[in-house]
Amino acid sequence: MKFFADTADIAEIRDLAALGLADGVTTNPSLVAASGRDFMALIKEICAVVPGPVSAEVAATDEAGMRREADVLRAIAGNVVIKLPLTLEGLKVCSALTAEGTQTNVTLCFSAAQAILAAKAGATYVSPFVGRLDDVGARGMGLIAEILEIYRHYPDFTTQVLVASIRSPMHIVEAARLGAGVVTAPPAVLRQLAVHPLTDKGLAAFVEAWAKTGQKIVS
Ligand code: E4P
């Protein structure tokens, strides 16, 4: 299972890469805006830190505009993945980029029907947003199960399900139980995977007991 860091914070990306928790990175316009960084310089820097796939999202929504932006973004580095919205125009650009051997991530997927179209457009990744579906009372993980089931029926569908809009470690565990290949999560959620109160409690007890022995492993 691959972990992508869903952030545009370069310090966080460096830290997660050192922990082995950043197989790739996903960014979006909101994350870039929050970083306050120049988009192009930021993507270049991220690509130099993480050799895996780095999603850079187009800002235009019309076909010609998305196409022009994709050309600029993919020239930044070999590991840039062009992130496109799941609209008919976005899918058209996805098909064209796929034919040219460029990796794509079709984002803002909220239904199985949309995921089928992303696969037909040859997307490298499709990003269903589980947290945003949960937010409106739908079952985000239900959508992941549905897409995985559908894709399994069609070996010619090579699109990978990139579980996105993750809010908690349980989302990641549920995605793993369903066999999803990739999740993208905020850095805090990725770190939270390591946390358990019984681990902290147990460790505190061991530290206390060890101190009582008066011994040192390294003197
Ligand atoms: C995916 O690529 C998006 O960047 C992201 O997962 C959106 O998550 P949000 O719903 O927390 O904004």
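None of these values were measured; they are calculated from a predicted model.

## Re the packing of aromatic side chains
Within this structure, the stated rule accounts for four aromatic pairs. Arranged with centres 5.3 Å apart and planes meeting at 35°, the rings of Tyr154 and Phe157 form a pair that is tilted. Overall, the relative accessible area of 42% leaves Tyr154 in the partly exposed class. Each residue in the set Tyr151, Tyr154 and Phe157 is aromatic and connected to the rest through ring pairs, giving one cluster.

## Observations regarding the side chain of Ser55
Position of Ser55 relative to the elements: it lies in strand β3 (residues 54–57). If we skip the residues at most four places from it in the chain, Ser55 touches Val25, Thr26, Thr27, Ile43, Val81, Lys83 and Asn105.

## A word on the site of the ligand
Around the ligand, the structure places Asp6, Thr26, Asn28, Lys83, Phe129, Arg132, Ala164, Ser165 and Arg167. Between Ser165 and the ligand, the recorded distance is 2.7 Å, taken from a side-chain N or O atom to an oxygen atom. Computed on the free molecule, the ligand has an accessible area of 350 Å², of which 86% lies beneath the protein chains in the complex. Among the residues making up the shell around the ligand, the classes are represented as two nonpolar, three polar and four charged.

## Looking at the pattern of salt bridges
One pass over the full model with this rule turns up twelve salt bridges. In this structure, the salt-bridge partner of Glu100 is Arg74, at a minimum N-O distance of 2.8 Å. Of this pair, Glu100 sits in the loop between α5 (88–99) and β5 (104–109) while Arg74 sits in helix α4 (residues 63–74), and the two are 26 residues apart along the sequence. Given a relative accessible area of 44%, Glu100 falls into the partly exposed group.

## Regarding the packing of helix α1 (residues 10–19) against helix α3 (residues 39–49)
At a minimum axis distance of 10 Å, the contact between α1 and α3 shows a crossing angle of 10°. If you check the angle between α1 and α3, you find them roughly parallel. Contacts from Ile10, Ile13, Arg14 and Ala17 of α1 reach α3 at Glu45, Ile46 and Val49. For the contact of α1 with α3, a count of residues per class yields five nonpolar, no polar and two charged.

## What to know about the sheet that holds strand β7 (residues 160–163)
Ordered by their spatial adjacency, eight strands build a closed barrel running β1-β2-β3-β4-β5-β6-β7-β8, and the pairing between neighbours is parallel. The sheet shows a mean angle of 30° between the axes of neighbouring strands, taken without regard to direction. With two bridges connecting them, strand β2 (residues 24–26) and β3 associate as parallel partners. Bridged to Thr26 within β3 is Ser55. Most of the contacts of α3 go to β3, to which it runs at about 170°, and overall it touches β2, β3 and β4 (80–85).

## Thoughts on the side chain of Glu57
Following the sequence through the fold, Glu57 ends up in strand β3. What makes Glu57 buried here is its relative accessible area of 14%. The residues touching Glu57, leaving out its near neighbours within four places in the chain, are Thr27, Asn28, Pro29, Phe39, Leu73, Lys83 and Thr107.

Definitions and cut-offs
- Numbering of residues starts from 1 in every chain and runs along the sequence as written.
- The model is predicted, so local features are restricted to residues of pLDDT at least 70 and side-chain atom pairs to those at 80 or more, both for listing and for counting; the totals for chains, interfaces and linings are taken over all residues.
- Based on all heavy atoms of the structure, the side-chain values leave hydrogens and waters out of the count.
- Whether two aromatic rings pair depends on their centres lying within 6.5 Å, for rings of Phe, Tyr and Trp, where Trp uses its six-membered ring; planes under 30 degrees apart make the pair stacked, over 60 edge-to-face, and the rest tilted.
- Each residue is placed in one exposure class: buried if its accessible area under a 1.4 Å probe, protein chains only, is under 20% of its type's maximum, exposed if it is over 50%, and partly exposed if it falls in between.
- Under the DSSP-based scheme used, a helix requires at least four consecutive residues in state H or I and a strand at least two consecutive residues in state E, with every element numbered from the N terminus.
- Residue contacts are defined here by distance: any two heavy atoms, one from each residue, within 4.5 Å place the two residues in contact.
- Here a residue is considered near a molecule or strand provided that any single heavy atom belonging to it is located within 4 Å of it.
- Nitrogen and oxygen atoms within 3.5 Å of one another constitute a polar contact, given that in protein one can donate a hydrogen and the other can accept it, and given that sequence-neighbouring residues count only through two side-chain atoms.
- Here the Shrake-Rupley method, with its probe set to 1.4 Å, supplies the accessible areas, and only the displayed protein chains count as covering residues.
- Gly is put with the polar residues, along with every residue not named as nonpolar or charged; the nonpolar set is Ala, Val, Leu, Ile, Met, Phe, Trp, Tyr, Cys and Pro, and the charged set is Asp, Glu, Lys and Arg.
- One speaks of a salt bridge when a side-chain nitrogen belonging to Lys or Arg is within 4 Å of a carboxyl oxygen belonging to Asp or Glu.
- Axis lines are fitted through C-alpha atoms, for helices just across the contact stretch, and the angle between N-to-C directions can take any value from 0 to 180 degrees.
- Under this scheme an angle from 65 to 115 degrees is roughly perpendicular, one under 35 degrees roughly parallel, and one over 145 degrees roughly antiparallel; angles in between are oblique.
- For two strands to pair, DSSP has to find at least two bridges joining them.

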